[in-house]
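# Structural features, examined
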Amino acid sequence: MSPSQDLLLVGEIYIDFTLPKASADSKLRLGGIVHAARGLWAIDANFSVAAVCPGYLVDQARTYLERLGCSEFIWLAEVKGAPNVMAIGDPTELADQAYQDILRDEKSVGYRREADVLKAFKTCLIFPGKYDLTVLRSLLAENVQASFDIAYDLPDLQSLSSFKGNISSIITSTSSPMFLEKASEDMSSLLDDLRELSPQAILLKENRGGSRVFDLRTDEVDEIPALLGETVNSVGVGDVYSAVFASMLSAGAFDAGWKAARAATCYAQTTYPDDFKRDAQRSLVLSVDQMRGLGGTVLPWHARPAFQIYFAAPDFSYVDRTHLEEALGALAYHNFRLRRPVQENGELNPQSSMHEMRAAYLGDLGLLEECDLVFALPLERDPGTLVEIGLALALKKPVITYDPLKENTNTMVMAGSTVYSAKLDSCLNGLFDVMSRLRATRS
Amino acid sequence: MGSTGSGSFSDYPGSRPKEGGEGSGGGGASGEDRCARAFSCALEEVEQCDYFSANGGVPPANTALSIEQRGRLFAVDAGGQTVGALPTGFNYLADCMAAGFTYEGRVNSSTSAPVASVNVDFAPRTP
């Protein structure tokens, strides 16, 4: 068996089906490690695939991957009892993307005999799934160098113990259940646990706030900015990031991170593969020094709660709360610290006395002065919210105005706001950007 | 009831969208290129840039501009003075410029007080 220079992608193949909405058609494409494969295709990297998928999907996956230049397609293990179809509620990750892995509790995986050929590969990127990693380890070469994307489907780090000493990098994200459980407040415990596995580098992807690369050989950390534009579809963006990072790791963890971030950004902004490849190749022409010079948005997960955001909105119990809950859910998902005046200072009613109203006004005003910026949602042209926007502008505090129903297309509101939009996606980007700048100013 | 956009995979590289009833994103390419789009924006860091420092104010409407990468992307006047930085959301233009695109623009409106502000329009020149 001759050794292969290809990066071997190991993991499950899914069908990703983004559910249709009033504002967008449905979207059907191959997912799972196929996203990672698109990333490698876009940068002209050599790769092979060891796929875990149901039998009905093998021919289509093989054909598709061959069109992406996949050198060798190995059907590693068969999924039974489930179709490996992922229904996706929100393709832009405004908040939790509401993935539904259809029939996941009925799923089982059995390795196939073809697996012997894996020993030819020197490097691999493994996306854990419902397959046994200890068995996988026994099928790979003794001296294989493995990277792991552990964002999903890894119950505990113990599952990686059989790879200790053979791990190039470990990649995770702030939306990972393990991260949220172990590192949401403080990274140090998770980092210590990961160090036990002796990887060369750890990559933490922090969504719209950028990412951090920890080079464990030099004990240095690099912050890589996000380049925020309109998100067309964020499904698989993290997989592209991981694949490009793993494929470029031999040139240095930091450079790999900067380039992988660029490729991932391009993937978020189109679902057309040829557009993605063109944009990614253009982007990677820049040197890493040029990329650093351009800057971008850097707002690590753990830095976000240090900023207080005043939530200016008719945040009352008796209104239609659809848009309010949408915004609150998104802000909580991204770990922002919201100050809600109606919650903190109380909700008044038509019978409230002037004394009570004055007390509430002064309480809200004090809160506004304490906050660093304002996220406004002036539903139904709520006069209280519009006054709060005006006060914030007078205090020279940045205002992000989310106006989903376009009820406030007014010069002072639109031009006074740092960002004004009917799209929550744009407002979230604006919030990240403003807070990134505030952070830079503070430091 | 029929179904749309879910009958088969349609995003093969190099493929063309199928006729009729296609879900979004079908085909390999959109036929659009973000580098070839005209755009408008408000410049940033105007008061820290060469023009404001040298002139104590902002350039008037219709001042001709181009874009250069000097670390960040800057709008630059005909004399090479930086007028303001482009918002980082336009960083993709650096990729476009590396691919041979150039951008020519003008000041659409500007004010020096109470806050220095320069709004610009740019159009691409394809390589």
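Only a predicted model underlies this, so the values are computations on that prediction, with no experimental measurement involved. (Residues numbered from 1 in each chain as written. Chains lettered and ligands numbered in written order. Predicted model: local features only at pLDDT ≥ 70, side-chain atom pairs only at ≥ 80, totals over all residues.)

### Digging into the overall build of chain B
When helices and strands are tallied, chain B shows 2 helices and 6 strands. Going residue by residue from the N terminus, the α and β elements of chain B occur as β-α-β-β-β-α-β-β. The burial tally for chain B puts 36% of its 127 residues in the buried class. (Helix = DSSP H or I, 4+ residues; strand = E, 2+ residues; numbered from the N terminus. Buried ≥ 20, exposed ≤ 12 C-beta atoms within 10 Å, placed from the backbone.)

### Details of the overall build of chain A
A tally of regular secondary structure across chain A gives 15 helices and 18 strands. The C-alpha atoms of chain A give 24 Å as radius of gyration, which agrees with the globular expectation for 443 residues (22 Å, within 12%). In terms of principal-axis extent, the alpha carbons of chain A reach across some 85 × 45 × 40 Å. The buried share among the 443 residues of chain A stands at 49%. In chain A, the share of contacts with a sequence separation of at least 24, taken over all contacts with a separation of at least 6, comes to 66%. (Rg over C-alpha atoms; globule rule 2.2 N^0.38 Å. Contact = placed C-beta atoms within 7 Å.)

### Re the domain arrangement of chain A
The parts lose accessible area when they come together, and the size of an interface is often stated as this lost area. Residue and element names in this part refer to chain A. Domains assigned within chain A are domain 1 (4-298) and domain 2 (302-442). Using only C-alpha atoms to locate each centre, domain 1 and domain 2 end up separated by 36 Å. Each partner contributes to the interface: domain 1 provides 13 residues, whereas domain 2 provides 12 residues. In the side of domain 1 that touches domain 2, the residues fall into 5 nonpolar, 5 polar and 3 charged. (Domains from an automatic or database assignment. Nonpolar A, V, L, I, M, F, W, Y, C, P; charged D, E, K, R; others polar.)

### Notes on the interface of chain B and chain A
Taken together, the contacts link 27 residues of chain B with 31 residues of chain A. Of all the secondary-structure elements, those providing two or more residues to the side of chain B that touches chain A are strand S3 (72-77) and helix H2 (92-98) of chain B. The leading source of residues in the side of chain B that touches chain A is H2 of chain B, at 5 residues. Class assignment of the residues belonging to the side of chain B that touches chain A gives a composition of 10 nonpolar, 14 polar and 3 charged.

### As for the sheet that holds strand S18 (residues 419-421) of chain A
Residues and elements named next belong to chain A. The strand order S15-S14-S16-S17-S18 describes an open sheet built from 5 strands, whose pairing is parallel. Pairing within the sheet leaves two strands with one partner each, and these edge strands are strand S15 (337-339) and S18. Each strand axis lies, on average, 20° off the axis of its neighbour in the sheet, ignoring direction. When strand S16 (residues 373-376) meets strand S17 (residues 399-402), the two strands line up parallel, connected through 3 bridges. Paired with Phe 375 across the strands is Ile 400, a residue of S17. (Pairing = 2+ DSSP bridges. Axes fitted to C-alpha atoms, helices over the stretch in contact; angles between N-to-C directions.)

### A word on the confidence of the model for chain B
All names here are of chain B. Across chain B, the average pLDDT comes to 89, with 88% of residues at or above 70. Every residue in residues 20-25 is under pLDDT 50, and counting partners more than four places away or in other chains gives 19 contacts. Across the interface, the model reports ipTM at 0.90; the global pTM reads 0.92. (pLDDT = per-residue confidence, 0-100.)

### Notes on the packing of helix H1 (residues 33-42) of chain A against helix H8 (residues 273-283) of chain A
All names here are of chain A. Taken N-terminus to C-terminus, the directions of H1 and H8 make an angle of 50°; their axes are 9 Å apart at the nearest point. Judged by the inter-axis angle, H1 sits oblique to H8. In the packing of H1 onto H8, the handedness of the crossing is right-handed. Residues Arg 38, Trp 41 and Ala 42 of H1 lie in contact with H8, whose contacting residues are Pro 273, Phe 276, Lys 277, Ala 280 and Gln 281. Residue classes in the contact of H1 with H8 are distributed as 5 nonpolar, 1 polar and 2 charged. (Parallel < 35°, antiparallel > 145°, perpendicular 65-115°, else oblique. Left-handed = near helix turned anticlockwise from the far one by under 90°.)

### Points about the sheet that holds strand S2 (residues 64-70) of chain B
Sheet strands associate in pairs through backbone hydrogen bonding, adopting either a parallel or an antiparallel arrangement. Residues and elements named next belong to chain B. Taken in spatial order, the 6 strands line up as S1-S6-S5-S2-S3-S4 in an open sheet, and their pairing is antiparallel. Each end of this open sheet is capped by a strand with a single partner; those strands are strand S1 (39-42) and strand S4 (82-85). Going from strand to strand, the sheet's axes swing by 35° on average, the running direction of each strand aside. In terms of strand pairing, strand S5 (residues 102-111) meets strand S6 (residues 117-125) through 9 bridges, oriented antiparallel. Paired with Arg 106 across the strands is Asp 121, a residue of S6.

### Some points on unusual backbone geometry
Along the chain, Ala 113 of chain B connects to Pro 114 of chain B via a cis peptide bond; the corresponding omega equals 0°. Positive phi values are uncommon outside glycine, yet Ser 198 of chain A reaches one of about 60°. Counting through the fold element by element, Ser 198 of chain A comes out in the loop between helix H5 (188-195) and strand S11 (201-205). Judged by the 12 C-beta atoms lying within 10 Å of it, Ser 198 of chain A falls in the exposed class. The residue Asn 62 of chain B is not glycine, and still its phi comes out positive at about 80°. Relative to the helices and strands, Asn 62 of chain B is located in the loop between helix H1 (50-55) and S2.

### Some points on the nonpolar core
All names here are of chain A. Judged by nonpolar contacts, the single largest core of 121 residues is most densely connected at Leu 9, Ala 37, Val 49, Ala 51, Cys 124, Phe 245 and Ala 263. The contacts of Phe 245, once residues within four sequence positions are left out, are Ser 169, Ile 171, Leu 203, Ala 256, Gly 257 and Ala 260. Membership of the second largest hydrophobic core comes to 38 residues, among which are Ala 327, Phe 375, Tyr 420 and Val 434. (Core = buried A, V, L, I, M, F, W, Y, C linked by C-beta atoms within 7 Å.)

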